[in-house]
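What the coordinates show
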Protein chains: 2
Amino acid sequence: MIPCAPALRQRLVRVAQELDAPDLLIRGARVWSPFTGETEAGDVAICGDRIARVGPWAGPVGAGTAILDAAGLVAVPGYIEPHTHPWPFANPLALAEAAACRGTTCLVYDDLLLHLALGVEGLEALTRTVSEAAPGHVFWTARMASQSRFAGEEAVFSREHVARLLAQPQFLATGEMTRWTDFLDPALAPRLLEIGEVARALGKFSDGHTAGASARRLPALAATGMRSCHEAITAGEARDRLGAGLWVLLRNSSLREDLLALLPALAGAGFSDRFTLTTDGAKAHHVAEVGLTDHLLRLALGAGIPAATAYRLATLNAATFLRLDDDLGAIAPGRVAHVNLLTSLTEPTPVLVVARGRLTAREGRLVGPAPSEDFPWAERYRGGDPPIPAWGADAFLLPPGAPSPFPAGRLANAVITREEAIPLTPRGAGQWPADPDAHVLALTDRSGRWRTRGVVLGLAPGLAALATTYTTNAGVLVLGQTPEAMAEALAELRAAGGGVVLEVRGEGWHRFPLPLAGIQLPGGFPGAARAAKAFHGAMEACGYPHSDPNYTLLFFSCDFLPDLRATEAGWLRVKTGEILLPAEGLGADG
Amino acid sequence: MIPCAPALRQRLVRVAQELDAPDLLIRGARVWSPFTGETEAGDVAICGDRIARVGPWAGPVGAGTAILDAAGLVAVPGYIEPHTHPWPFANPLALAEAAACRGTTCLVYDDLLLHLALGVEGLEALTRTVSEAAPGHVFWTARMASQSRFAGEEAVFSREHVARLLAQPQFLATGEMTRWTDFLDPALAPRLLEIGEVARALGKFSDGHTAGASARRLPALAATGMRSCHEAITAGEARDRLGAGLWVLLRNSSLREDLLALLPALAGAGFSDRFTLTTDGAKAHHVAEVGLTDHLLRLALGAGIPAATAYRLATLNAATFLRLDDDLGAIAPGRVAHVNLLTSLTEPTPVLVVARGRLTAREGRLVGPAPSEDFPWAERYRGGDPPIPAWGADAFLLPPGAPSPFPAGRLANAVITREEAIPLTPRGAGQWPADPDAHVLALTDRSGRWRTRGVVLGLAPGLAALATTYTTNAGVLVLGQTPEAMAEALAELRAAGGGVVLEVRGEGWHRFPLPLAGIQLPGGFPGAARAAKAFHGAMEACGYPHSDPNYTLLFFSCDFLPDLRATEAGWLRVKTGEILLPAEGLGADG
């Protein structure tokens, strides 16, 4: 729930009766209601951060009443993004500002990378202050496990740690378990199920994830108590998840544009109230260029979903899913005053945005200074930088014992790899792929105690080397066509202090330092969007053919996507759990 | 939320994959889903009190697996009654048993009279043990005020007391504020708004009540944070409440059969998911004769509401309203196994009821012994009996100073009184109504420090006198056509130890002792239903012309219904707050 001081409620009660003047009066709009699905002429009287009354205003207007002329505009509730990842380039506050500018006034963020970088204490402080500073509402989910299994993971995501986070008002739920097969493993499930029950006892819920679960496994996942799934990629999968009792978050990300394929599940269902929309994390420049939830609404409207159903998905439905429907998701008495003013219901990107009762954005820009510019980033991210090792070129050679032909992973799209055997040739004291366009991959984590190598195909033929701290294990990833270029990339990354550095073959270096935990930029959103776009552009200049290089880098080290992944244990065939090339143990100095 | 042990979840996960045998297998039913609105052939595999899997069962069946043959039957989720009063005749456990027999496997009870009778400690113990013993789920709401204002009320319903109750898992919400005008009173509102915020901080909500609120006041009530209203009596009122952001509980009680008048609001709404059904408390024999939620469903289906919409009202919608939709309201993996088996969707009264995973009722009867029969009622209600004063006939005379003509209240229906001036004549040391069919009313509360008198018309011409401990102020009410008959009734009530006693003119006494706090019978439901029916019959024998004598007695002492009421302050004109005949102060011995 979102606190509302009794003193403010008392004012609301007076203003609702038109006895006192409001703080803000949105005048002359037509107001759309998610309850009735209808639009009626009416003013919106606001006190503090809450709505007091909706309808023609006949009460007093005081000297302290701000008037917002909304004649000719349609007011809809602020949009809600119920599942997203504040990871690449933009810091969480900058992303919340950008979202608010486009009418998404409530976001639910995943905490994974920030938990790994900052630990539970740092995370708690960061999430609290970001949620306080954001123009709209920012909530968080608390992960119970990483996306790349590591020794000691259970201590990092211990029941005590997760419970401590969930006891914070800014945390709404446990985070998705991307490695959902753990729920089916009698050795691993008890810890997760116990944390889930802790969450429920605290009045929180469990955000779900059932990507690719078969008809046999889907009920087992639903039985764990998870509340939702955002991973359906076909209408049939969406229907199956609805039928299993899960809330269905229809996803359209910059990685996967699935909404149009999913909408038939919505149109064909007798009831639409257990569907909502999610971007599931978007590239910063994608947000800048096409929008966030407003983009999804535009797609849905364009596909013929009735306006009342579409806007409900992103407002009241999402609020009900989050159990915040007494506070969010409607322009109604007592609700938080998140109001988007549109030129019409056919154009979901707002021209004016009121967030928490204040005019926040006009024509897509903040009306005041961005809180992210003055935020104490350095203090909040202190200690979060991943240590970047100093490896020489030899460190990247595949060892003499590596199998040849070698099981390489060819990128079938931005994130899925398909196993493909490729020949290796001797090189120095080890081996190297014969294909000059292949990239050797090397990974370590924050401990610096191991190094895993593998081979990737189909990444970007013109990419000589790349090193980054943007990985799902919060460690360091290096990719390259020669060991020397990889060593150079790593040195460049050390010099940059984290982020992404890459060398375009024959051209030179592009550097994208990300000083916040190696994944984000301080300051406002526009800089992050520019950097993200430049990074994408540099990758495209290397011939990167896929949709989202952020996710490509991020997911090389995850352990839940097919076929081959780099993990602490080694180069992993996900489906069988087989380690195809074990990780190399390192001394304390790497 | 409803707890589910992690060890049980682990079993569910295995059984959901058809790896282990379930405890109970409902075989061969067609299963209706509130998510899709569709019915599909399928078995229901149950472990402990939860559903593991829905669909054709191909997994093992063990020696410990009970099989319930449901061939030819339709399975729907157990019904949910989200707002009801466990007050007249039947104790809360007996009512829950009767409800479960008719497919209502979750009830939300108001605590008002039990709080007044038992105090917060006794109430906490009673509610916990009743909720544990019930075959289905029993939840409670915690009142913040009485329905009949009295000195010291704020201490009884203090923030500490209500918070203590709300911290208990069996309490879901603050109870309805029937005296909702208190929210509009700057002197009274802060306490209520603070308690509401305490509830929200505990993850609970505020059950609402906006009976008769005008378009001007309705938004003010919604702005207090209340979540619902069950008081709409026309489709227009229901639409107004929906539009104000309140969940709409479509009511059909034994007092007011409004459902058919309300249904156009549902049929006309674009979305039906924020409507549910309530009986708002029913006479015990009414439940026995026509049912509870099943009766409401029958009415809705008969009025042409599509089956998918109707069943959703009483299942998933209600669960979502209560924020229990991860636990209740659907036959789906992980949900509590409340399953009604129907001959068809056109007949909502189940032939078999599974509650908490166990076959509980068959053809409307419990399959095992009724827990209410062995419940430690005496221990749980100790100290709850209202003290019954020993007043002589003179105590009932209207005082010499009472105005003549006197403002009497004529019953326009079971509960509404309309003011009507009637002549008084001298009698003994005081006065008495000239009309022999008029009833003088006398009321006191548990303190015994005051006596209020008034006059009622149109009650029951053949009723010589009646005395009861069944009043909304948990005190004692006496009605009579002569002071002598009233004194005799009070003596009879003392002898009975509480309940209702009444004398049919020229016939003699009917006695309905209610030994539990003067309002309820120990033991099972059938006895309570018989007693309630006999009481109603005795009232009808006196010429009582209205629908519900329970509510007639109960509401003489409430202070929120028009026109005239008996309260601690005196004979009250509700609308103006004017005291027409002040209460008489009494010594410690009455």
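Procedures and definitions
- Position numbers for residues count from 1 along each chain, tracking the sequence in the order it is written.
- Both sets of labels track the order of writing: A upward for chains, 1 upward for ligands.
- Only residues with pLDDT of 70 or above have their local features reported here, since the model is predicted, and side-chain atom pairs are shown and tallied only from 80 upward, although totals for entire chains, interfaces and linings are computed over all residues.
- Excluded from the side-chain calculations are hydrogens and water; all other atoms, namely the structure's heavy atoms, are used.
- Here a helix means four or more residues in a row that DSSP labels H or I, a strand means two or more in a row labelled E, and each is numbered from the N terminus.
- As a reference, a globule follows 2.2 Å times the number of residues to the power 0.38, and the radius of gyration itself is taken over C-alpha atoms.
- Any two residues whose heavy atoms approach within 4.5 Å are treated as being in contact.
- Using the Shrake-Rupley algorithm and a 1.4 Å probe, accessible areas are obtained, with residue cover drawn only from the displayed protein chains.
- In this tally Asp and Glu are treated as negative and Lys and Arg as positive; neither His nor the chain ends contributes.
- To locate a charge, take NZ of a lysine, CZ of an arginine, CG of an aspartate or CD of a glutamate.
- Pairing between strands is defined by DSSP: at least two bridges between the two strands are required.
- Axis angles are defined between N-to-C directions and span 0 to 180 degrees, where every axis is a line fitted to C-alpha atoms and, for a helix, only to the segment in contact.
- Accessible area that two parts lose when put together, with a 1.4 Å probe and added across both, is what the buried area reports.
- By definition, a salt bridge exists where a carboxyl oxygen of Asp or Glu is found within 4 Å of a side-chain nitrogen of Lys or Arg.
- Burial here depends on accessible area, computed with a 1.4 Å probe over protein chains only, as a share of the maximum for the residue type. Under 20% is buried, over 50% is exposed, and the range in between is partly exposed.
- The least-squares superposition of copies is restricted to C-alpha atoms, and to residues with a pLDDT of at least 70 in both copies.
- In this description, a disulfide is simply a cysteine sulfur pair whose atoms lie within 2.5 Å.
- Any pair of Phe, Tyr and Trp rings, taking the six-membered ring for Trp, is counted once the centres come within 6.5 Å. Such a pair is stacked with planes under 30 degrees apart, edge-to-face with planes over 60 apart, and tilted for the rest.
- A positively charged side chain is recorded as over a ring if its NZ (Lys) or CZ (Arg) lies within 6 Å of the ring centre. The angle to the ring normal must also be within 35 degrees.
- Two N or O atoms count as a polar contact when they lie within 3.5 Å, although within protein this holds only if one can serve as hydrogen donor and the other as acceptor, and sequence-adjacent residues are included solely when both atoms are side-chain atoms.
- In a left-handed crossing the near helix is turned counterclockwise from the far helix by less than a right angle, and in a right-handed crossing that turn is clockwise.
- The nonpolar class holds Ala, Val, Leu, Ile, Met, Phe, Trp, Tyr, Cys and Pro. Asp, Glu, Lys and Arg form the charged class, and all remaining residues, Gly among them, are polar.

In terms of helices and strands, chain A carries 16 helices and 35 strands. In terms of C-alpha radius of gyration, chain A reaches 25 Å, essentially the compact-globule figure of 25 Å for 590 residues. With respect to the principal axes defined by its C-alpha atoms, chain A has extents near 85 × 50 × 45 Å. When contacts within chain A are restricted to residue pairs at least 6 apart in sequence, those whose partners lie at least 24 apart make up 70%. Summed over its atoms, the accessible surface of chain A is roughly 18000 Å², and 54% of this surface lies on carbon and sulfur atoms. When the 51 positive and 61 negative side-chain charges of chain A are each reduced to one mean point, those points stand 3 Å apart.

This next bit is on the sheet that holds strand 10 (residues 104-110) of chain B. All names here are of chain B. Pairing in this open sheet of five strands is parallel, and the strands run 8-10-11-12-13 from one edge to the other. Single-partner strands in this sheet number two, and they are strand 8 (79-84) and strand 13 (205-206). Sheet topology places strand 8 next to strand 10; four bridges connect them, and they run parallel. Paired with I80 across the strands is C106, a residue of strand 10. Each of strand 10 and strand 11 (137-142) touches helix 2 (residues 92-101); the most contacted strand, strand 10, lies at about 150° to it. The sheet contacts of helix 12 (residues 307-321) involve strand 8 and strand 13, and relative to strand 8 the element is tilted by about 60°.

Glancing now at the interface of chain A and chain B. Taken together, the contacts link 64 residues of chain A with 64 residues of chain B. Between chain A and chain B the total buried area reaches about 5300 Å² when both faces are included, carbon and sulfur atoms providing 54% of it. Sorting the residues of chain A by area buried against chain B places F35(A), R200(A) and F271(A) first, and these three jointly supply 13% of that buried surface. Counting across the chain A and chain B interface gives twelve salt bridges.

Residue and element names in this part refer to chain B. Most of helix 11 (residues 293-302) is tucked away: seven of the ten residues are buried. Within helix 11 the residues assigned to the buried category are T293, D294, H295, L296, L297, A300 and L301. Contacts from the buried residues of helix 11 go to strand 8, strand 10, helix 9 (259-268), strand 16 (275-278), helix 10 (284-290) and helix 12. Remark: G304 follows helix 11 within two positions and exhibits a positive phi of approximately 95°.

Here the focus is the pattern of salt bridges. Summed over the entire model, instances satisfying the criterion amount to 72 salt bridges over all chains. Two residues, R227(A) and D326(B), come together in a salt bridge whose shortest N-O distance is 2.8 Å. Note that R227(A) is positioned in the loop between helix 7 (218-223) and strand 14 (228-229) and D326(B) in the loop between helix 12 and strand 17 (339-342), a pairing that runs across two chains. Across the pair, exposure class does not vary: R227(A) and D326(B) are buried alike. Linking R573(B) and E578(B) is a salt bridge whose minimum nitrogen-to-oxygen distance equals 2.7 Å. According to the relative accessible area criterion, E578(B) is partly exposed, its value standing at 40%.

Bringing the pairing of strand 30 (residues 508-513) of chain A into the picture now. The pairing of strand 29 (residues 499-504) of chain A with strand 30 of chain A spans six bridges and is classified as antiparallel. Looking at strand 30 of chain A, one finds that L502(A) is bridged to H510(A).

It is worth spelling out the relation of the copies chain A and chain B at this point. Note on the identical chains: chain A maps onto chain B by a rotation of 180° and an axial translation of 0.0 Å, with an RMSD of 0.0 Å. The relationship between the two copies is best expressed as a two-fold rotation axis. Across chain A, the smallest distance between a C-alpha and the rotation axis is recorded for G203(A), namely 2.8 Å. Most of the interface of chain A is mirrored in chain B, where 100% of its interface residues are also at the interface.

For the structure on display, the rule yields zero disulfides over all chains. We note that C106(A) lacks a disulfide partner, and the nearest cysteine sulfur, in C101(A), lies 16 Å from it. Looking at the unpaired C4(B), the closest cysteine sulfur is the one in C47(B), lying at 10.0 Å. On the basis of relative accessibility, which here comes to 2%, the residue C4(B) falls in the buried class.

This part is about the packing of aromatic side chains. Aromatic ring pairs are defined here through the distance separating the ring centres and the angle between the ring planes. In this structure the tally under the stated criterion is 24 aromatic pairs over all chains. Relative to F535(A), the ring of F89(A) lies with its centre 5.7 Å away and its plane at 35°, an arrangement referred to as tilted. Of the two residues, F89(A) is situated in strand 9 (residues 89-90) and F535(A) in helix 15 (residues 525-541); the sequence distance between them amounts to 446 residues. Looking at F89(A), the relative accessible area reads 2%, which means it is buried. Taking relative accessible area as the criterion, F535(A) reaches 1% and is therefore assigned buried. With 5.1 Å between their ring centres and 65° between their planes, Y109(B) and W140(B) make a pair best called edge-to-face. In this pair, Y109(B) is assigned in strand 10 and W140(B) in strand 11, connecting sequence segments 31 residues apart. On the accessibility criterion, W140(B) (0% relative accessible area) is buried. Grouped by ring-pair contacts, the aromatic residues W32(A), Y79(A) and Y311(A) constitute a single cluster. If you follow R227(B) out to its NZ or CZ, it ends over the ring of F205(B), 5.7 Å from the centre. Cation over ring: R312(B) sits above F271(A), and NZ or CZ is 3.9 Å from the ring centre.

Glancing now at the side chain of D207(A). Residue and element names in this part refer to chain A. Mapped onto the secondary structure, D207 falls in the loop between strand 13 (205-206) and helix 7. Within polar-contact distance, the side chain of D207 engages the side chain of S228 at 2.7 Å. Beyond its immediate stretch of four places on either side in the chain, D207 contacts H83, T141, A173, T174, G175, E176, S228 and F321.

All names here are of chain A. The amide bond that connects P562 to the next residue, D563, takes the cis arrangement and shows omega of -15°. Relative to the assigned elements, D563 resides in the loop between helix 16 (549-555) and strand 32 (564-566). Even without glycine at this site, F89 takes up a positive phi of about 70°.

All names here are of chain B. Pairing in this open sheet of three strands is antiparallel, and the strands run 32-33-34 from one edge to the other. Of all the strands in the sheet, the pair left with one neighbour each is strand 32 (564-566) and strand 34 (578-582). Going across the sheet, the axis of each strand differs from the next one's by a mean of 25°, ignoring polarity. Bridge analysis of strand 33 (residues 570-573) against strand 34 gives four bridges, and the strand direction is antiparallel.

Residues and elements named next belong to chain A. Interaxial distance between helix 9 (residues 259-268) and helix 11 (residues 293-302) falls to 10 Å at its minimum, and their mutual angle equals 60°. Crossing handedness for the pair helix 9 and helix 11: right-handed. Of the residues in helix 11, those touching helix 9 at L259, L260 and L263 are L296, L299 and A300. For the contact of helix 9 with helix 11, the residue count by class is six nonpolar, no polar and no charged.

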